[in-house]
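As a plain string of letters, each chain reads:
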Amino acid sequence: MCGIVGYVGKSQAAPILLDGLAKLEYRGYDSSGIAVFDGDEIQIKKSKGRLKVLSEMTHDGATMPGTLGIGHTRWATHGEPSDVNAHPHFSSDRRIAVVHNGIIENYLKIKNRLIKKGYEFVSETDTEVVAHLLDYYYKKAPDKPLDAIAKVMRRLDGSYALGILFADYPDKVFAVRKDSPLIVGRSKDGNLIASDVPAVLKYTRDVYFIQNEEIVELSEEEILFYNSDCEPIEKESKYIDWDENAAEKGGYEHFMLKEIYEQPKTVRDTFMPRIKDGRVEIEELDMTDDQIREIDRIRIVACGSAYHVGVSVKYIFEGMVRIPVEVDAASEFRYRNPILGEHELVIIISQSGETADSLAALREAKARGCRVLGIVNVVGSSIAREADQVMYTWAGPEIAVATTKAYSAQLIAMYLLAIKFAYVHGRIDDAQMASYINDLQKLPDQIELLLNNKGRLQKFANRYIAAKDVFFIGRGLDYAISMEASLKLKEISYIHSDAYAGGELKHGTISLIEEGKLVGAILTQPDLYKKTMSNIVEVRTRGAFILAVTNEENVEIEKVADYVIYIPQTNPWFANSLAIIPLQLFAYYVAVGKGCDVDKPRNLAKSVTVE
Ligand code: G6P
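None of the values given here were measured: they were computed from a predicted structure.

### Remarks on the overall build of the chain
Across its full length, the chain holds 19 helices and 27 strands. For 611 residues, the compact-globule formula gives about 25 Å, and the C-alpha radius of gyration of the chain, at 25 Å, lands near that figure. Dimensions along the principal axes, computed over C-alpha positions, put the chain at roughly 80 × 55 × 45 Å. Buried residues in the chain amount to 61% of all 611 residues. Contacts in the chain between residues at least 24 apart in sequence constitute 72% of all its contacts with a sequence separation of at least 6. Roughly 23,500 Å² of accessible area belongs to the chain as shown, and the carbon and sulfur atoms make up 47% of that amount.

This is how it looks when you write it as structure tokens:
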């Protein structure tokens, strides 16, 4: 995820900016840059690659004089990692420089309008529109930079934290945020902005947390805050007593927990840019409606949790679009001489975009003449480059090996695709599409609600740290959820765990059930509720302890289940997005209770680039 820093004070800015960016490296990045006002004009140095490259270019900042500047580590979203796409971005006359963390959803619309007004763009980024738009409003009233910022805010949809320099205001750094983090640090030597606390801890522990649509004007002596109408507001600083390690994780004990908590944002970020005028519009999907209608089979190929996303959305695609979907583990697909039809769409799902088996499967599918769509989180990764088209998940970098937020983002991307296909195939009408969108829109708040229950879940999880085996059961889409719940638990807690289709239990697995064995039962699908209830009764009479995850209305389940988690009301197709949240937390707290290395489980890698 991009990181921004800014400094204005007594010391040379560039080394402080580089140091701050180094403290944000944990957020993940592919390029970096700094802009410094050298007393005359704004100088920018930026480069693709590690921060080391920028440090070498500037001799650790020494070659960039000036006591005021902004810096950025970029995690590519719009446009590949490259020198030109790296931030900061200049206005055409180089009098305004901008760094940005977030996604400007309506950047294309703004870009087109600015091009009509004669603005020239050099990068593929969404950020560059901010620099030009600022220039546009600023030129109308050069004595009012705050007004220009406020006007730009009103025009931008999406999320942003911005650091801004105006060459005409050589003693000030401006900043503003909406839905992307921004803090301000006050120190004796000068004042700082940053995406996150670790970047400023070396200089100060007095930090202001900037709220949505608040504007900051920073000079060496003072820090001024304004609301979106440019009226001054008062803010209180907080004393931060976290150590650097905890600060990197935003105060969370592990990256995994932080990422679990980022899911409402991840879901929103993946969903919102694809909703235009109340309809699903997937701009990056370079297919005409006729081409979509031609598709008569979908094949989803992926590994690990991404494979589970495939299993889950098979039910949704088949149910909603009524075209057959096959799901393959990439490692199997590539060696089994698959039979691929002429009108088949192959979808490769991958967080990293580098998983060796998924990449090989992509090449196999292309070699056989199939159209390949990548659902990828890392921009510019191998799968993103080689797929015919890419639909990005906007989860930001994921650090914990066990995926949580990328899995959630993949689900959302696939729901949107299913809705789009169902509409084009004539399976749903406008009203149905609107109803799905309405349900999806509620997911972030509903996930938030589920996250608020973590205390209760932690107590429950602590009872199972000595468990030897845990089983998860469900039918249909609930079976797919069970698979991911089971994988989460085993990969981080090392407890043996398996998922079974409820109806399959009696064909063998039930012999493993004995007194006190924990069985997680997922019942989010109304049509299958009674059937799974029967399976619960079967295992309960053999002594199993039942953890049930089900819909709010199913209160009678308390008669047979020992511990129940209710998920808020949503369309059953989207229930996975809610049901998985408490199950991730359960896995997490069992692993923490056992003292496992949650973020780096033994023998596992985040990105598996070997077969
Ligand atoms: C590894 C990770 C999993 C991930 C899988 C696929 O096994 O530990 O969390 O689901 O790879 O990775 P991808 O990057 O292709 O989604």
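Additional details are given in the paragraphs that follow.
### Points about the layout of surface pockets
The space that makes up the largest pocket amounts to roughly 1,100 Å³. Along the walls of the largest pocket sit 47 residues, with Asp179, Ser180, Pro181, Glu262 and Lys265 positioned nearest its centre. For the lining of the largest pocket, the secondary structure elements donating two or more residues are strand 6 (96-104), strand 7 (158-166), strand 8 (173-178), helix 7 (255-261) and helix 8 (263-271). A per-element tally of the lining of the largest pocket places helix 8 first, with 5 residues. Looking at the lining of the largest pocket residue by residue, the class counts come to 21 nonpolar, 11 polar and 15 charged. By volume, the second largest pocket is sized at about 830 Å³.

### Description of the pattern of salt bridges
Two side chains with opposite charge may pair up if their charged atoms get near one another. What the rule picks out here adds up to 38 salt bridges. Salt-bridge contacts for Glu25 lead to Arg50; the nearest nitrogen and oxygen are separated by 3.8 Å. With Glu25 in the loop between helix 1 (13-23) and strand 2 (31-37) and Arg50 in the loop between strand 3 (42-48) and helix 2 (51-57), this residue pair connects regions lying 25 residues apart in the sequence. For Glu25, a relative accessible area of 30% gives the class partly exposed. Overall, the relative accessible area of 49% leaves Arg50 in the partly exposed class. Between Asp469 and Lys517 there is a salt bridge whose closest N-O contact spans 2.8 Å. Taken together, the residues Asp469 in strand 23 (residues 469-474) and Lys517 in the loop between strand 24 (496-501) and strand 25 (518-523) connect sequence positions 48 residues apart. Judged by its relative accessible area of 22%, Asp469 falls in the partly exposed class. Judged by relative accessible area, which is 10%, Lys517 ranks as buried. The network of salt bridges with common partners includes Arg297, Arg299, Glu326, Asp328, Arg336 and Glu344.

### Section: the sheet that holds strand 25
The strands that make up a sheet are held in pairs by hydrogen bonds between backbone atoms, and each pair lies either parallel or antiparallel. Spatially, 5 strands are ordered 24-23-25-26-27 in an open sheet, and the strand pairing comes out parallel. Two strands in the sheet have a free side with no partner beyond their single neighbour: strand 24 and strand 27 (563-567). In this sheet, adjacent strand axes meet at a mean angle of 15 degrees when their direction is disregarded. Where strand 26 (residues 545-551) and strand 27 come together, 5 bridges link them in parallel fashion. Its bridge partner being in strand 27, Val549 is matched across the sheet by Ile565. This element, helix 16 (residues 454-462), spans strand 25, strand 26 and strand 27 of the sheet and lies at about 150 degrees to strand 27.

Reading the values: rules and limits
Residues numbered from 1 in each chain as written. Predicted model: local features only at pLDDT ≥ 70, side-chain atom pairs only at ≥ 80, totals over all residues. Heavy atoms only, no water. Helix = DSSP H or I, 4+ residues; strand = E, 2+ residues; numbered from the N terminus. Rg over C-alpha atoms; globule rule 2.2 N^0.38 Å. Buried < 20%, exposed > 50% of the residue type's maximum accessible area, 1.4 Å probe, protein only. Contact = heavy atoms within 4.5 Å. Areas by Shrake-Rupley, 256 points an atom, 1.4 Å probe, with all protein chains shown as cover. 1 Å grid on protein atoms, 1.4 Å probe; cavity = no way out; pocket = protein on both sides within 12 Å on 5 of 7 lines; lining within 4 Å. Points joined across faces, edges and corners; volume = space filled by probe spheres on them. Nonpolar A, V, L, I, M, F, W, Y, C, P; charged D, E, K, R; others polar. Salt bridge = Lys/Arg side-chain N within 4 Å of Asp/Glu carboxyl O. Pairing = 2+ DSSP bridges. Axes fitted to C-alpha atoms, helices over the stretch in contact; angles between N-to-C directions.

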